[in-house]
Amino acid sequence: RRILAYIFQDRVRLYGITVSNIPQKIAEAVQDRQTGQEDTKKKDEMNKRYEEVLEKLKANGYDPQIHPAFSEYIVNVYGIIKEYPPPGSPDMKNICDPDNLKIGR
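Right, let's walk through the structure included here. (Residues numbered from 1 in each chain as written. Predicted model: local features only at pLDDT ≥ 70, side-chain atom pairs only at ≥ 80, totals over all residues. Heavy atoms only, no water.)

What follows is about the overall build of the protein. Looking only at helices and strands, one finds six helices and zero strands in the protein. Taking all 105 residues of the protein together, the buried fraction comes to 19%. When contacts within the protein are restricted to residue pairs at least 6 apart in sequence, long-range pairs at least 24 apart make up 38% of them. Accessible surface for the protein amounts to roughly 8,300 Å². Of this, 52% is attributable to carbon and sulfur atoms. For the protein, the distance from the average site of its 17 positive side-chain charges to the average site of its 16 negative ones is 3 Å. (Helix = DSSP H or I, 4+ residues; strand = E, 2+ residues; numbered from the N terminus. Buried < 20%, exposed > 50% of the residue type's maximum accessible area, 1.4 Å probe, protein only. Contact = heavy atoms within 4.5 Å. Areas by Shrake-Rupley, 256 points an atom, 1.4 Å probe, with all protein chains shown as cover. Lys, Arg positive; Asp, Glu negative; His and termini not counted. Charge placed at Lys NZ, Arg CZ, Asp CG, Glu CD.)

Printed below as a string of structure tokens:
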């Protein structure tokens, strides 16, 4: 959710947007519905944010060919975190630690 909110900053609702379809949804978001014109400035800004996120994720072992579908599966099976642990707690540190999030390492 945070990744999507960062990329699509002008949207309150993110229904229909998943980590698998971000490029397609960027293309849709920058298209003017009345004129069909593409807002290239907005597209460049959104793509820049998307690339920033991808680079940070890749530095921690993220594979864009595998992890989007895997993350959707995890959310569909287990849901999202509705209540975060208190800031600074061991549980919160574990949630935010990239080493704890790496599978098979």
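Taken together, the side chains of Asp-32, Asp-39, Asp-44 and Glu-45 make up a negatively charged region of the molecular surface. Its place among the elements puts Asp-39 in the loop between α2 (22-29) and α3 (40-58). (Patch = residues over 30% accessible without salt bridge, like charges linked within 9 Å, V, L, I, M, F, W, Y side chains within 5 Å. Salt bridge = Lys/Arg side-chain N within 4 Å of Asp/Glu carboxyl O.)

A few words on the nonpolar core. What tends to happen in soluble globular proteins is that the nonpolar side chains get buried as a cluster. By size, the foremost hydrophobic cluster in this structure holds twelve residues: Leu-4, Ile-7, Phe-8, Leu-14, Ile-17, Ile-22, Ile-26, Val-30, Met-46, Tyr-50, Leu-54 and Tyr-62. Secondary-structure elements contributing two or more residues to this core are α1 (2-7), α2 and α3. By residue number, the principal contributor to this core is α3, which donates three residues. Once you skip the residues sitting within four places of it in the chain, Tyr-62 turns out to touch Leu-54, Leu-57, His-67 and Pro-68. (Core = buried A, V, L, I, M, F, W, Y, C linked by side-chain atoms within 4.5 Å.)

Looking now at the pattern of salt bridges. Using the criterion set out here, one finds four salt bridges in the structure. One salt bridge in this structure joins Lys-42 and Asp-10, with 2.7 Å as the shortest N-O distance. Separated by 32 residues along the polypeptide, Lys-42 in helix α3 and Asp-10 in the loop between α1 and α2 bring together distant segments of the chain. The closest approach of N and O atoms between Glu-38 and Lys-43, which form a salt bridge, is 3.5 Å. Note on Glu-38: relative accessible area 37%, which makes it partly exposed.

On to the side chain of Arg-49. Positionally, Arg-49 belongs in helix α3. No salt bridge is formed by the buried Arg-49, whose closest oppositely charged neighbour, Glu-45, lies at an N-O distance of 4.7 Å. At a separation of 2.9 Å, a polar atom in the side chain of Arg-49 contacts the main-chain carbonyl oxygen of Tyr-6. Beyond its immediate chain neighbours, meaning those up to four positions away, Arg-49 contacts Tyr-6, Ile-7 and Gln-9. (Polar contact = N/O pair within 3.5 Å; in protein donor to acceptor, adjacent residues only side chain to side chain.)

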